[in-house]
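# Commentary on secondary and tertiary structure
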Amino acid sequence: MKKFFTIWVLLAFWVSASAQTDIGYQKPPQVISDILLAPPTPSVSLNDKGTIMVLSERTSYPSIEELAQPELRIAGMRINPANVGPSRSGYITNFKIKNLQNMQEVQVKALPAKLLAGSPRWNPSQTKFAFSHTTLSGIDLYEVDIASATAKKVNKTFLNLVMGSYDYADDATLVYNVVAKPVAQAPAKPLAPSGPVIQENIGKAAPSRTYQDLIKSPYDEQLFEFYATSQLVENKGGVEKKIGTPAIYLSANLSPDKRYYMVETIRKPFSYLVPVNGFPSTVAITDRSGKPVKTLATLSSSETAPSGFDNVQDVPRSFNWRADEPATAVWVKPLDGGLIKNTVPFHDAVYQLSAPFSGSEKELAKTEMRYRGIIWGDAGMAMLNEGLSGKQRARTWLMNPGTGSKEMLFDRSTNDRYSDPGSPVLHRNEYGRQVMQTVNNGTGIPMEGEGASSDGDLPFYAVFDVKEKKNNILWRCEKGYYESVVDVVDAEGGVIITSRQSQDEAPNYYLRNLKKRIAPVPLTAFADPQPQLRKLKKEKISYKRRDGIDLTATVYLPEGYDPAKDGRLPIVMWAYPREFKSASDAAQVRGSQYTFTRVNWGSPVFYAATGYAVMDATEFPIVGEGDSKPNDTFIEQLIWNAEAALKAAHDLGFGDTSRAAVGGHSYGAFMTANLLAHSRLFKAGIARSGAYNRTLTPFGFQNEDRTYWQAPDLYFRMSPFSYANNIKDALLLVHGEMDNNPGTFPINSERLFNAVKGHGGTVRFVSLPYESHGYAAEENLLHLLKEQYDWLEKYVKTRGK
């Protein structure tokens, strides 16, 4: 009897151990750790003249202790209750200033100890910049004088950056949101609820997407109201002046002439179905002191917004100031009741109302598609954009805001990168607002773009001839490099600043004079942060899938790899499916083979350094032409894409298709699970933070706008959970414990793990503590890379050997 009891105890222990393992944090091989933890290259911010560069240094990754700080997850936000700011932010840890005329670089003095800074904001004359500094108990605001390179704290009251921000009103005045009450006055959590939580709907359709971190109780409502309420202030000479009264500000934007504020404030009732940007709100204009001038709109909750591509709520939207006038408000109204299927000559209308805002609004323009914004220029020229997501179409009109006349410039597929004319170059006008720049007496518009082509991306700088409707290319990146325009210093003089890189050269900044045609002047000399990656062989390969669509992938091979000597390598394929309405658009080459390889935690390229052939950015187009929708044949096309990529790896001699793994993050994880459920092409899969049961996203997902009730068979067929019994190859599931992405609830991975396990499959589930949809903590990232490495070594590299 005693012997039987001992065996039973051991068996119980073994079963428990096979179900869950607590092994503590692990680390991958040293070469992987070294690549991951390489210090980041500084980011830069340039003044308009291209004479001053602010360099912002950052740490690589926070610790798990930092990620574990107190956090409120309410109204679609993540809040640090201790300092009244966002709980998950990356911070700048040092500032330097570089004079690009004499190339002298200086350290900013008097920075706070243990700096945790937000992004720098230039003042209008660009003699100073401001930044926030986050501490355990509050958020301060600092200002740096460029000439002396010295920082100074300027706020008297802690900032509230839960929904607030900071910027300059003018050279001498900062405007920002501050806390309305001390955090010690936050509402205490009751020991017991006052009653049940009840939600009710009577006769109104409310088809909302599956958002996370929503308000769930009356106590959540109290917390949201307390932490989101802020006081708008202006700070001049160190004196804080209150603007209006405390409110829950979605936005507060100063008019170009600095005389008015356009504010959008949240009002009750708070929604339990949508995040804060869908709460009821009021859009109003106040004077500079905060006194009400004009209410522009009283908006209801977005709960009742119709689902489906290009459908909008039947209310005004897109409120903003015209950048080319002193104080003119603009907004949009749907003319089709918010439903794109309704047959009307125009679907949206743009209206405007100028100071003193006493009359009625005037119609500025109408669009045949959905309004997509206006790029303002001057009184006689602007670019009006419209488009349809469902049809992947976009149009751009050259409009005269004074007369309302317009002429079409571009009408194109949004996925046709070859025809992309680029974006207009912006500059500051007399109001300090970014507007479209013109040259050649107003007949030319400077443009910069990616320059997609069959040779890959070759970025360009051009001048669009308004009369000829043609881009005249003034400069294009040469082959062998990837170089793009980051600033136009002098449009008439042809002086630009670019960022240039190649497979062997780290990205650095250069000054180019296109008229003098002299050699580019280097402005930075950033070193290679991950020299281990330069030992890898990188190549962009091209191949076809069975229906003739051209595809590409970027292949990374180990240092010194010789196919004749080393034979075929195990394959790690990484991908993310994308939908197209045109096969020709899907076949276009994307990206450049000449980019400098710099990887973060999410990349599969690490494993090329440990003996794998890595196929990164493997193209997985899902095409639906005409009346067909891409997802009608989602599974079939996934398999075609995978088969084509594996065949290319075999035909080119580097890949062993009998030892292949596939992986991806989010929708790439969804792809991975489906490939393992519907094929035996891969020995293993790595699926991170995916959604695997589409009935949990019943009102649409990704680019699918049909609901579950309109297409139940589609939802079933596209859910790998439905076919968990068919997953016979090894599946590694990873999920952030606190995923905040709509649709990718952690329960997706939990339930798929249980389903595969229940059918005897080989599966492992790793839940990363405190992580969101994207992962952050150094300990978690190192452990993730170790888990992936071990999975590949066990189920891919040694299989078939």
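What you see is a predicted model, and the numbers here were worked out from it, not measured in a lab.

Conventions we followed
Residues numbered from 1 in each chain as written. Predicted model: local features only at pLDDT ≥ 70, side-chain atom pairs only at ≥ 80, totals over all residues. Heavy atoms only, no water. Axes fitted to C-alpha atoms, helices over the stretch in contact; angles between N-to-C directions. Helix = DSSP H or I, 4+ residues; strand = E, 2+ residues; numbered from the N terminus. Parallel < 35°, antiparallel > 145°, perpendicular 65-115°, else oblique. Contact = heavy atoms within 4.5 Å. Nonpolar A, V, L, I, M, F, W, Y, C, P; charged D, E, K, R; others polar. pLDDT = per-residue confidence, 0-100. Phe/Tyr/Trp six-rings, centres within 6.5 Å; stacked < 30°, edge-to-face > 60°. Buried < 20%, exposed > 50% of the residue type's maximum accessible area, 1.4 Å probe, protein only. Core = buried A, V, L, I, M, F, W, Y, C linked by side-chain atoms within 4.5 Å. Pairing = 2+ DSSP bridges.

Another point: the packing of helix H7 (residues 634-651) against helix H8 (residues 667-678). Geometry of a packed helix pair, given as the angle between the helix axes and the separation of the axes. Two elements in contact, H7 and H8, have axes whose closest approach is 10 Å; the angle formed by their N-to-C orientations is 90 degrees. Classified by the angle their axes make, H7 and H8 are roughly perpendicular. In contact with Phe634, Ile635, Leu638, Ile639 and Ala642 of H7, H8 contributes Tyr667, Phe670, Met671, Asn674, Leu675 and His678. Of the residues that constitute the contact of H7 with H8, the class distribution is 9 nonpolar, 2 polar and no charged.

Locating Ile52 in the fold gives a position in strand S2 (residues 52-58). With 40 residues separating them along the chain, Ile52 and Ile92 place their C-alpha atoms 18 Å apart. Dropping the residues within four chain positions of it, Ile52 is found in contact with Ser45, Leu46, Asn47, Ile97, Lys98, Asn99, Leu100, Trp122 and Ile146.

On average, residues of the protein score 94 in pLDDT, and 97% of them are at 70 or above. A low-confidence stretch, residues 1-17 (pLDDT under 50), is modelled with 0 contacts involving residues beyond four sequence positions or located in other chains.

Taken as a whole, this structure holds 27 aromatic pairs when the rule is applied. Measuring from centroid to centroid gives 6.1 Å for Tyr576 and Tyr667, while their planes differ by 55 degrees, and the two rings are tilted. Taken together, the positions of Tyr576 in the loop between strand S40 (569-575) and strand S41 (578-580) and Tyr667 in helix H8 put the pair 91 residues apart, joining distant regions of the chain. When its relative accessible area of 29% is taken as the criterion, Tyr576 is described as partly exposed. Measuring from ring centre to ring centre gives 4.6 Å for Trp791 and Tyr795, while their planes differ by 55 degrees; the resulting arrangement is tilted.

For the rest of this paragraph, the subject is the nonpolar core. Core analysis: the largest hydrophobic core is formed by 58 residues, its most contacted members being Met615, Phe654, Leu675, Phe682 and Leu752. It is H7 that provides the largest number of residues to this core, a total of 10 residues. Judged by nonpolar contacts, the second largest core, of 35 residues, contains Tyr607, Val766, Leu781 and Trp791.

So, about the side chain of Asp213. Note that Asp213 resides in the loop between strand S13 (173-179) and helix H4 (218-228). Taking relative accessible area as the criterion, Asp213 reaches 9% and is therefore assigned buried.

Time to look at the pairing of S13. Counting buried residues along S13, 7 of its 7 residues qualify, which places the element largely inside the surrounding structure. Sheet topology note: the strand S12 (residues 166-170)/S13 ladder contains 4 bridges and is antiparallel. Across the sheet, residue Tyr168 finds its bridge partner in S13, namely Leu174. Here S12 folds back onto S13 in antiparallel fashion, the turn holding 2 residues. Bridge count for S13 against strand S14 (residues 230-236) is 7 bridges, and the pairing is antiparallel.

Within S40, 7 of the 7 residues are buried, which leaves the element mostly enclosed by the surrounding structure. Pairing of S40 with strand S44 (residues 655-665) involves 5 bridges; the strand directions are parallel. Of the residues in S44, the one forming a bridge with Ile571 is Ala660. In terms of strand pairing, S40 meets strand S42 (residues 613-618) through 4 bridges, oriented parallel. Its bridge partner being in S42, Ile571 is matched across the sheet by Ala613.

Right, let's talk about the sheet that holds strand S15 (residues 239-247) for a bit. Within the open sheet, the 4 strands sit side by side as S12-S13-S14-S15. Their pairing is antiparallel. Since the sheet does not close on itself, it has two edges, and those belong to S12 and S15, each with one partner. Adjacent strand axes in the sheet meet at a mean angle of 30 degrees, parallel and antiparallel pairs treated alike.

One open sheet holds the 4 strands; their spatial order is S1-S2-S6-S7, and the pairing between them is antiparallel. Edge positions in the open sheet fall to strand S1 (43-46) and strand S7 (104-107), since each of these has one partner strand only. Across the sheet, the axes of successive neighbouring strands diverge by a mean angle of 25 degrees, strand direction being ignored. Pairing of S2 with strand S6 (residues 92-99), which is carried by 7 bridges, proceeds in the antiparallel orientation. Note that in S6 the partner of Met53 across the bridge is Lys98.

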